[in-house]
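Topology and contacts: notes
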Amino acid sequence: MAAAVRAGLWHRGVISVTRRGSHSHSNTALKPQYDAIIIGAGHNGLIASAYLQKGGLKTAVLERRHVLGGAAVSEEIIPGFLFSRASYLLSLLRPHIYQDLELKKHGLKVYMRDPYSFTPMLEDGVRGRPPPSLTLGADLAKTQKEIGKFSEKDAKVYPDFLSYLERLACAIHPLLDAPPVDIPGLTQGSLRKKISALRSLKPLVKSGLQLGKNIPDFYELVTAPVMKVLNRWFESEPLRATLATDSVIGANTSPNNPGSGYVLLHHVMGELEKEKGAWGYVEGGMGGVSQSIARSAQSLGADIFTNRDVEQVLIGQDGSAKGVVLTDGTEVHSKVVLSNATPYITFKQLTPQDALPEAFITAVDQIDYTSPVTKINVAVDKLPNFLAAPNSADGKPGPHHQCSIHLNCESVEVLEEAYREGQQGRPSSRPMIEMTIPSVLDPTLAPPGCHVVSLFIQFTPYLLEGRRAWTDEDRDRFADTAFDWVERYAPGFKKSIVGKDILTPADLERVFGLTGGNIFHGSMSLDQLYLARPLPSVADYRSPVKGLYLCGSGSHPGGGVMGAAGWNSALKVLADFKRL
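Being a predicted model, the structure only gives us computed values, none of them experimental.

Parameters at a glance
Residues numbered from 1 in each chain as written. Predicted model: local features only at pLDDT ≥ 70, side-chain atom pairs only at ≥ 80, totals over all residues. Heavy atoms only, no water. Phe/Tyr/Trp six-rings, centres within 6.5 Å; stacked < 30°, edge-to-face > 60°. Helix = DSSP H or I, 4+ residues; strand = E, 2+ residues; numbered from the N terminus. Buried < 20%, exposed > 50% of the residue type's maximum accessible area, 1.4 Å probe, protein only. Polar contact = N/O pair within 3.5 Å; in protein donor to acceptor, adjacent residues only side chain to side chain. Contact = heavy atoms within 4.5 Å. Axes fitted to C-alpha atoms, helices over the stretch in contact; angles between N-to-C directions. Parallel < 35°, antiparallel > 145°, perpendicular 65-115°, else oblique. Left-handed = near helix turned anticlockwise from the far one by under 90°. Nonpolar A, V, L, I, M, F, W, Y, C, P; charged D, E, K, R; others polar. Expected span 1.5 Å × (residues − 1). Bend = angle between axes of the 7 residues up to and from the residue. Pairing = 2+ DSSP bridges.

Brief notes about the packing of aromatic side chains
With the rule as written, the count across this model stands at 14 aromatic pairs. For the pair Tyr 51 and Trp 567, a centre-to-centre distance of 5.0 Å together with 70° between the ring planes defines the contact as edge-to-face. Taken together, the residues span a long stretch of sequence, with Tyr 51 in helix α2 (residues 43–54) and Trp 567 in helix α20 (residues 564–577) at a distance of 516 residues. Each member of the pair, Tyr 51 together with Trp 567, is buried. Residues Phe 161 and Trp 233 carry aromatic rings whose centres are separated by 5.5 Å and whose planes lie at 70° to one another, so their mutual orientation is edge-to-face. Placement of the pair is Phe 161 in helix α5 (residues 152–176) and Trp 233 in helix α10 (residues 226–233), with a sequence separation of 72 residues. What makes Phe 161 buried here is its relative accessible area of 1%. Through a chain of ring-to-ring contacts, the aromatic side chains of Tyr 158, Phe 161, Tyr 164, Trp 233 and Phe 234 assemble into a single cluster.

Things to note about the side chain of Asp 303
Within the element layout of this structure, Asp 303 appears in strand β11 (residues 303–305). Owing to a relative accessible area of 4%, Asp 303 belongs among the buried residues under this scheme. Within the structure, Asp 303 has its side chain in polar contact with the side chain of Lys 31 (distance 3.0 Å).

Focus: the side chain of Thr 245
Structurally, Thr 245 is set in helix α11 (residues 237–248). For Thr 245, a relative accessible area of 1% corresponds to the buried category. If we skip the residues at most four places from it in the chain, Thr 245 touches His 406, Cys 409, Leu 415 and Met 432.

Observations concerning the packing of α10 against α11
Between α10 and α11, whose axes approach to 10 Å, the crossing angle comes to 150°. If you check the angle between α10 and α11, you find them roughly antiparallel. Classified by chirality, the crossing of α11 by α10 is right-handed. Judged by residue contacts, Val 226, Met 227, Leu 230 and Asn 231 of α10 engage Arg 240, Leu 243, Ala 244 and Ser 247 from α11. In terms of residue class, the contact of α10 with α11 is made up of five nonpolar, two polar and one charged.

Let's talk about α5
An ideal rise of 1.5 Å per residue puts 36 Å on 25 residues; α5 measures up with 36 Å between its terminal C-alpha atoms. Of all the bends in α5, the largest measures some 40° and sits at Tyr 158, one to four residues before the proline Pro 159. Regarding α5, its N-cap is Ser 151, as a side-chain oxygen of that residue lies 3.4 Å from the backbone nitrogen of Lys 153 further along.

Describing the sheet that holds strand β19 (residues 497–503)
Strand pairing in a sheet is mediated by backbone hydrogen bonds. Such pairs are either parallel or antiparallel. If you walk across this open sheet you meet the seven strands as β7-β6-β16-β17-β18-β15-β19, and the pairing is mixed. Where the open sheet ends on each side, the last strands, each with one partner, are β7 (133–136) and β19. Within this sheet the neighbouring strands show an average axis-to-axis angle of 20°, counted without direction. Here four bridges tie strand β6 (residues 117–120) to β7, and the two strands are oriented antiparallel to one another. Opposite Pro 120, over in β7, you have Ser 133 as the bridge partner. Contacting β6, β15 (373–380), β16 (404–407), β17 (432–436), β18 (451–458) and β19, helix α17 (residues 472–489) crosses the sheet at an angle of about 125° to β19.

Okay, structure coming up:
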């Protein structure tokens, strides 16, 4: 199989072939009238459809692509190799959604990873031994032994650091599972409305009570540069740099920038199979998550359609949303419309501009969608062999192969330099690379002996030098840079490549509708969180157009917290629907 692929079955621009759960649609015809229409079959849109259907609203989901899941998709872009083409790890799927929608029953299977983090070094080993590396996992004693190779002090305090993060993360959970405080309800309208809006304060109060005396620690972590916190806890550079990667992953920031601490906290808030902070691989790729949610929604009666590209939201004479019109001219009417697209696409492309206040449109233009990410999906015909952890004689994967493998992450200064180059409009010459090889745990993804490799790379600009679009030559040149660095850690990697799929920020925007290529539907900076996500005037999922709602990651609590925006927006719609 690998030889056949190497012989020329791959070329850039090949139309994606999907299989095993990444493609789904309703067996029924598209009806002319629904209670609710959802634009986009990303995971939040699918989750919203399930809860709306449970609430008694006949719901349709319309997806423009041929594949379900938004960025959580599985695509066979190279024959025989099934990739999580964009999103590649599962953690922040809210536990109550997992249970409510019976996702395990509907086919969701997750391979847990332990260990979960591997940072190899490039420096030479001592007396012929392999170069050093740092492996972190759930076994605290083993992890402390690993950290102790670099600092006994750091090994000793590491459990306290984990407890510190867990205390702060657990206190945030009430805020994730509820809409933000209803400021308009508390400050406008009748006394009855104001009293009713007081309920929206409950999650905030609960979070504050859980934090208690830790409120100052929480405030510092979410506002300070993460290095201010990490430098106080640790002295060894490999550990600080490895932890710092979680503070910048997907974000156009550096570990020394204020606010980077929140991104770190954001990535430890996850939970899988009741294991805090765990991240896992979904069987069949990330499309398996979307497929299980879709099956659950369909079992409840939702209609889900692919290849249905919405051109515009229909606005009635009274100024409220009345449905959508597709690019082929088909009109589908509804009482409410939920958009799983980014706020920019929703309000600048799908909503008639004369239906929105001019000041609101101006504010939408100011939302930050800057993305530093290029994703490269690679098919290889053999398992990568790292100098820091050589493969066994039998060729079987080692524990480190299942990890998030951090390359060019030996020191914070390496991360800083990569960031600085990106801000100057140049792809990093020594980029930060998070490498995953999910096929070491999931045999459904690649032919025997072969593997799928995900390279999540920072920092790359949307426009080169701030003005020029990426060409195919630019993409190949940067991919070669990334592969050269992987080669230094794992010699033989370049020769093992049988196909690749390169997605720059502009490609992520074009293929997945991620404005600016931002994987979170908008920066997760402090000015775009909670009451200000995506803007203060629409933080409650309602838009200026009556009956039009946001349900995607561009709204609270943001990208990565899987399903929370879909759940919260569905609750808001159901509450409003009772008053229609």
